[in-house]
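# Structure assessment
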Amino acid sequence: MVELLAPAGNFISLRAVLENGADAVYFGLDDYNMRANAKNFSLDDLSNVSKIAKEYGAKTYLCTNIILNEKLACELDAKLERISESEIDGLILSDIGLIENTVSHGLEAHISVQENVCNSYTLKTLKKLGAKRAILSRELSLGEITEITKKSPIETEIFIHGAICMAISGRCFLSYGLYGRSANCGDCLQPCRKNWTLTYEEGDDNVVNFSDVEDESFIVSGSNDGSYRTNFFSPKDMCMIEYIPELMKSGVASFKIEGRARSPDYGAIVTGVYRQAIDSYCENPLEYSVRGEWMNDLKSVFNRGFDTNFYFSTPFETSEDNQSKYVKKDIGQVVNYYNKVNAAELRIWDDLKIGDRLLIQGQTTGSITHTIDSMQIDGESVSEVKKGCNVAVAIPKKVRQNDFVYKLVERNSDD
């Protein structure tokens, strides 16, 4: 059975992905991972992360995948004992120099995509060094992945959903060159996602080159000032939900969802969709089909449009900003939950009505969505309520005091 590996940027995200079927979680430690701008976890948090994951029978992998200079390498090496004592399962390493010390502390050594593993010879060498798994380069096709995995003496892992970087397996200097903030040290400001303007000298027609793909989507639009605007640095997000059978046949041990810097509802929904898809295939491979609601759910959370990365061809479509169907509006907080009647008391600072879709998030609750079908004030049923009051909402799944409450508002809605 393939492992479904989901991202956790904080304790709410951790609970959210575990509640939705993640077999394993990966997360960052302050100062040592490629998502320095995410909340991340401290060394003191790791035991709690491990404890929560064990409640779900899930494995835990700590990202230490930045480029380590001498100072950082020594610091991380000195922390391996405490990391091991937290009872997490393994480290995701971008530096092969720490494999031996990692394994000697009883931790699995997984090699990061930053290492850009592209062939079985590298995998055989990593085996000799003590690595248990390697995340294969993002630039490989599915055919290449299948061939490499068949020859590999260790487990392989691939990304199946989430953001795609413009650079080779994430090794990029654009952010550092512009702002002095290094992507290779986890501090990328993502200038590639901005809308860029192209200018060129008159008569130099070679500057603007269009894709050879017939369905032309590499958009370069002219402006009145003679410049050209484009998002050519910013690829669409990867989405492989339609190709689960092909992925399952590749022999890869772990399917990874990108998104430690994204919201808990993103983790919950994407993990839940891929959990259903993998289970559906395993139950009946011959009759597997993609459900329409899966793609609708994936489109409901943050995304830049979808592509299949390098799995079948070179990506050519460029992206724009967030294209999710909904905007999260902060509208309240949970006051209490009444288990006997399955209802939550909410303090709200925005209007609510029957049919509104809520998103409720908390460190123990994780992230759940609920469409309101019953509300009461002082024991009387109501169809709508005004901001500034407390209201009881029937919610079958338990939520907790002080959980955050959001209303999901469709984009372009007047609400």
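Everything here concerns the structure above.
Residues numbered from 1 in each chain as written. Predicted model: local features only at pLDDT ≥ 70, side-chain atom pairs only at ≥ 80, totals over all residues. Heavy atoms only, no water.

## Describing the packing of aromatic side chains
Given two aromatic rings, their pairing is described by the distance between the two centres and the angle made by the two planes. Scanning the entire structure with this criterion turns up 5 aromatic pairs. A ring pair is formed by F27 and F41, whose centres lie 5.8 Å apart and whose planes are at 80°; its orientation type is edge-to-face. In this pair, F27 sits in strand 2 (residues 24-28) while F41 sits in the loop between strand 2 and helix 2 (46-55), placing the two residues 14 residues apart along the sequence. For the pair formed by F27 and F41, the shared burial category is buried. Ring centres of Y281 and Y288 lie 6.0 Å apart, and the angle between their planes is 75°; on these two criteria the pair is classed as edge-to-face. Look at Y281 and you get buried, because its relative accessible area is 11%. Chaining the aromatic ring pairs together yields one cluster made of F11, F27 and F41. In this arrangement the basic side chain of K328 is found over the ring face of Y406, its NZ or CZ atom lying 5.8 Å from the centre. (Phe/Tyr/Trp six-rings, centres within 6.5 Å; stacked < 30°, edge-to-face > 60°. Helix = DSSP H or I, 4+ residues; strand = E, 2+ residues; numbered from the N terminus. Buried < 20%, exposed > 50% of the residue type's maximum accessible area, 1.4 Å probe, protein only. Lys NZ or Arg CZ within 6 Å of the ring centre and 35° of its normal.)

## Regarding the side chain of E258
Along the chain, E258 turns up in the loop between strand 12 (254-257) and helix 9 (264-283). The exposure class of E258 is buried, given its relative accessible area of 7%.

## Some words on the pairing of strand 14 (residues 326-338)
When a strand is regular, its side chains alternate between the sheet's two faces. The pairing of strand 14 with strand 23 (residues 404-410) spans 7 bridges and is classified as antiparallel. Counterpart to K329 in the pairing with strand 23 is K407. Pairing analysis gives 6 bridges linking strand 14 to strand 15 (residues 343-348), with the strands arranged antiparallel. Across the sheet, the residue bridging to V334 is L346, located in strand 15. From the end of strand 14 to the start of strand 15, which pair antiparallel, there are 4 residues, and N342 there has a positive phi angle of about 50°. (Pairing = 2+ DSSP bridges.)

## Quick notes on the packing of helix 1 (residues 11-19) against helix 2
Relative orientation of the contacting elements helix 1 and helix 2 amounts to 15°, with a least axis distance of 10 Å. Regarding the angle of helix 1 to helix 2, the classification is roughly parallel. Crossing geometry of helix 1 relative to helix 2 is assigned as right-handed. Between helix 1 and helix 2, the contacting residues are F11, L14, R15 and L18 on the first element and N48, V49, I52, A53 and E55 on the second. In terms of residue class, the contact of helix 1 with helix 2 is built from 6 nonpolar, 1 polar and 2 charged. (Axes fitted to C-alpha atoms, helices over the stretch in contact; angles between N-to-C directions. Parallel < 35°, antiparallel > 145°, perpendicular 65-115°, else oblique. Left-handed = near helix turned anticlockwise from the far one by under 90°. Contact = heavy atoms within 4.5 Å. Nonpolar A, V, L, I, M, F, W, Y, C, P; charged D, E, K, R; others polar.)

## Things to note about a nonpolar patch on the surface
Together, L178, Y179 and L189 line one region of the surface with nonpolar side chains, adding up to about 260 Å² of accessible area. If you trace the backbone, L178 turns up in helix 7 (residues 174-179). A relative accessible area of 45% means that L178 is categorised as partly exposed. (Patch = residues over 30% accessible without salt bridge, like charges linked within 9 Å, V, L, I, M, F, W, Y side chains within 5 Å. Areas by Shrake-Rupley, 256 points an atom, 1.4 Å probe, with all protein chains shown as cover. Salt bridge = Lys/Arg side-chain N within 4 Å of Asp/Glu carboxyl O.)

## Side note on the environment of G97
Assignment of secondary structure puts G97 in the loop between strand 4 (90-93) and helix 4 (99-104). Relative accessible area serves as the criterion here: at 56%, G97 is assigned to the exposed category. C-alpha of G97 to C-alpha of L129: the two residues are 32 residues apart in sequence and 9.1 Å apart in space.

## Here we look at helix 2
Residues of helix 2 that are buried: L46, V49, S50, I52 and A53. In an axial view of helix 2, the angular spread of the buried residues amounts to 165°, which keeps them on one side of the axis. Looking at helix 2, the residues exposed on the side facing more than 90 degrees away from the buried face are K51 and E55. Turning to helix 2, the residues buried within the fold contact helix 1, strand 2, strand 3 (59-64) and helix 3 (70-85). In the stretch just after helix 2, G57 is the one whose phi turns positive, near 70°. (Arc of directions from axis to C-beta.)

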